[in-house]
Amino acid sequence: MKFISQFFKSFHLYKYFLVLALLNVFFSTDKIEAKTFLINDIEISTPFEINFDKNQIIEEGFIQAFNQLMLKISKSNDYTKLNKTSLNKIKSMVETFSIDDEKFINEIYYLKLNVSFNKKSIFNHLENLNIFPSIPQKKELIFIPIIIDQTTNEIKIFSDNIFYNNWNLNKKNYNLLSYILPSEDLEDYNLIRNNIGQIENFNFYEIINKYNLNDYIISIFFIEDKQVKILNKIYLDNEKKIKNLMLKNINLNNQDEINKAIAKLKAIYEDHWKQQNEINTSMKLELTISIDNSNNIKIKKLEENLLETDLIYNFYIYKFDNKNNYYNIIFNGTPDKFLKTMKNFDYEIETKNKIWVVK
């Protein structure tokens, strides 16, 4: 009888852990697809005519949303390949879409569309085109443009500087870098003016530190006739880069040419930032981690954090027992990169054994 009693106790205990484990599986995700890329507020307008076709307008919205996404996650020299993407291919990568607003005004149809793309499908498409995408991570930085006229030795920094005045006039939704221009400050002007002879080696820290931003781009425009040599000091996410550029045959009194020059420079800076955040989708590292399954809140938080991580191609629970859930993770990067990513979410991971343990 004692044996039977112990048996039933053990059986009920086993059932308890089995139900708990099943709850963890069913209330988490059995096999989680990669999260989507969401592009909001695509606006389209077209005359309301006899051959009006709403489906065609929505498809045009898909194309615009796809193009905007590509401008966010791929470098400018890859756009030519991406322009050849067919409508059918774009539609196959659309996860969901919603019409945010539609209206008729003076026989013009207006549509505002939100489109989400399956991240895994997008990455596979880019990999087939031999394009490495980037994590679409926004960054706010201090931008200091300095004009030095080498003919007159005149220096322009603030409101007398055409790049300072025009830099933030034409912002695009797909731009990842957000530029904070310095306020007009006589002390800053004098500091730069007094160091004009060594401006290429000047560190600018005294000015940058006023804005509580770690990231910056200092662009020094050396102007001579119709040629502009640009020395760029770029510091983003603790990586420092010196980049020299040249603008030839530019008329600095022509607003269109100034706008084109600014657009070109912004594209170069965006490409630099994207390269720092590039995802090597051809590298698929398979990892196994375990987590205590007695805490559903902790499990939910882990899955949410994994979904937020663009470098994670896919993950799913591949087994469980009465103590742990075991996740298989496909990661586009190195083990060290994965551990660094998880550390940013405040996870401590024990890596002594083949199966890593989330503490």
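Please read all numbers here as calculations on a predicted model, not as lab measurements. (Residues numbered from 1 in each chain as written. Predicted model: local features only at pLDDT ≥ 70, side-chain atom pairs only at ≥ 80, totals over all residues. Heavy atoms only, no water.)

Trainee: Explain unusual backbone geometry to me, please; I cannot follow it from the model alone.
Mentor: Most peptide bonds take the trans form, and the phi angle of most residues other than glycine is negative. Look at N130: it is not a glycine, yet its phi comes out positive at around 60 degrees. Secondary-structure assignment places N130 in the loop between α5 (119-128) and β5 (139-149). Even without glycine at this site, F204 takes up a positive phi of about 65 degrees. A relative accessible area of 0% places F204 in the buried class. (Helix = DSSP H or I, 4+ residues; strand = E, 2+ residues; numbered from the N terminus. Buried < 20%, exposed > 50% of the residue type's maximum accessible area, 1.4 Å probe, protein only.)

Trainee: Just to check I follow, could you spell out the sheet that holds strand β2 (residues 36-47) for this structure?
Mentor: Either a parallel or an antiparallel arrangement is found when strands of a sheet pair, and the pairing is made through backbone hydrogen bonds. The strand order across the open sheet formed by 3 strands is β2-β4-β3, and the pairing between neighbours is antiparallel. Only two strands of the sheet have a single partner each, and these edge strands are β2 and β3 (94-105). This sheet shows a mean twist of 15 degrees between the axes of neighbouring strands, independent of strand direction. Together, β2, β3 and β4 (108-118) form the strand contacts of helix α2 (residues 54-73), whose direction differs from that of β2 by roughly 135 degrees. (Pairing = 2+ DSSP bridges. Axes fitted to C-alpha atoms, helices over the stretch in contact; angles between N-to-C directions. Contact = heavy atoms within 4.5 Å.)

Trainee: Please explain the layout of surface pockets as it appears in this structure.
Mentor: The rolling of a water-molecule-sized probe over the atoms marks out the regions of remaining empty space. Considering only enclosed or pocket space, the largest pocket measures out at about 650 Å³ in volume. Contributions of two or more residues to the lining of the largest pocket are made by α9 (255-276) and α11 (335-344). Element by element, the count of residues in the lining of the largest pocket is highest for α11, at 4 residues. Grouping the amino acids of the lining of the largest pocket by side-chain chemistry returns 7 nonpolar, 10 polar and 8 charged. There is about 280 Å³ of room inside the second largest pocket. If you go around the second largest pocket, you meet 17 residues; those closest to its centre are K172, Y174, N175, A263 and K266. (1 Å grid on protein atoms, 1.4 Å probe; cavity = no way out; pocket = protein on both sides within 12 Å on 5 of 7 lines; lining within 4 Å. Points joined across faces, edges and corners; volume = space filled by probe spheres on them. Nonpolar A, V, L, I, M, F, W, Y, C, P; charged D, E, K, R; others polar.)

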